[in-house]
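Descriptive structure summary
Residues per chain are reported as follows:
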Amino acid sequence: MSLFDWFAARRKDQFVGKVIQETEEGDGLWGKCPECGQVVYRKDLLTNANVCSNCGHHNRVNSQERIDLIADPDSFEVIDKNLSPTDPLGFKDRRTYADRLRESQSSTGMKDGVVTGTCKVENMPLALAVMDFRFMGGVYGFSCR
Ligand SMILES: [Zn+2]
């Protein structure tokens, strides 16, 4: 097993397998906790910061969900919305970095793995930088386009 394969297998075990699973109904309203198997209502899960109320397992939250958990309603304003990663080295392993970037941008609808902005928390001004693991593990941009 190559080092790359080892990381891929480990990543699959640790991250892909540890997200809320779809229930048999597949309606998107319900999920199954990956730790205890409890069927949970997704809205209830989000109001509990994506923590399973049955076993306390912390499920991943995406950047928008994290912002919604932290910021006062409708107070978040994105800054540097055109910031996106670049590939100055033309990096390639099994696939090109540019292809991975395009795929992440397409699958997440994001330009970058980190969302930055300002908001208010209990009416106090705050700057946020929120990493989104779905986007290549949260890769951060280097230049504006
Ligand atoms: Zn659980």
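Now for a look at the structure at hand. (Residues numbered from 1 in each chain as written. Predicted model: local features only at pLDDT ≥ 70, side-chain atom pairs only at ≥ 80, totals over all residues.)

Moving on, we come to the overall build of the chain. When its secondary structure is counted, the chain shows four helices and eight strands. Starting at the N terminus and walking to the C terminus, you meet the elements of the chain as α-β-β-β-α-α-β-β-α-β-β-β. Within the chain, the proportion of its 145 residues that are buried is 11%. Put simply, 47% of the contacts in the chain that link residues at least 6 apart link residues at least 24 apart. (Helix = DSSP H or I, 4+ residues; strand = E, 2+ residues; numbered from the N terminus. Buried ≥ 20, exposed ≤ 12 C-beta atoms within 10 Å, placed from the backbone. Contact = placed C-beta atoms within 7 Å.)

So, about unusual backbone geometry. The phi dihedral of N50 falls on the positive side, at around 65 degrees, and the residue is not glycine. Looking at where N50 falls in the secondary structure, it is placed in the loop between α2 (42-47) and α3 (63-70).

This part covers the pairing of strand β7 (residues 124-131). Two strands pair when backbone bridges link them, and strand β6 (residues 114-121) and β7 are joined in this way by eight bridges, in the antiparallel orientation. By the bridge assignment, K120 is partnered in β7 with P125. The hairpin turn running from β6 into β7, its antiparallel successor, is two residues long, and E122 in that turn takes a positive phi close to 50 degrees. (Pairing = 2+ DSSP bridges.)

Right, let's get into the pairing of β6. Of the strand pairs in this sheet, strand β4 (residues 77-79) and β6 are connected by three bridges, and their pairing is antiparallel. Across the sheet, E77 pairs through a bridge with T118, a residue of β6.

Paired through their backbone hydrogen bonds, the strands of a sheet run either parallel or antiparallel. Strand order in the open sheet made by the three strands is β4-β6-β7, with antiparallel pairing throughout. This sheet does not close on itself; its edge strands, each paired only once, are β4 and β7. Within this sheet the neighbouring strands show an average axis-to-axis angle of 30 degrees, counted without direction. Its contacts with the sheet put α3 on β6 and β7, and the angle it makes with β7 is roughly 160 degrees. (Axes fitted to C-alpha atoms, helices over the stretch in contact; angles between N-to-C directions.)

For helix α4 (residues 97-108), with twelve residues, the first-to-last C-alpha span of 16 Å sits near the 16 Å given by 1.5 Å per residue. Count one or two residues on from α4 and you reach G109, which has phi positive near 75 degrees. (Expected span 1.5 Å × (residues − 1).)

Let us now look at the environment of D80. Position of D80 relative to the elements: it lies in the loop between β4 and β5 (83-84). Measuring from C-alpha to C-alpha, the distance between D80 and G141 comes to 10.0 Å, with 61 residues separating the pair along the chain.

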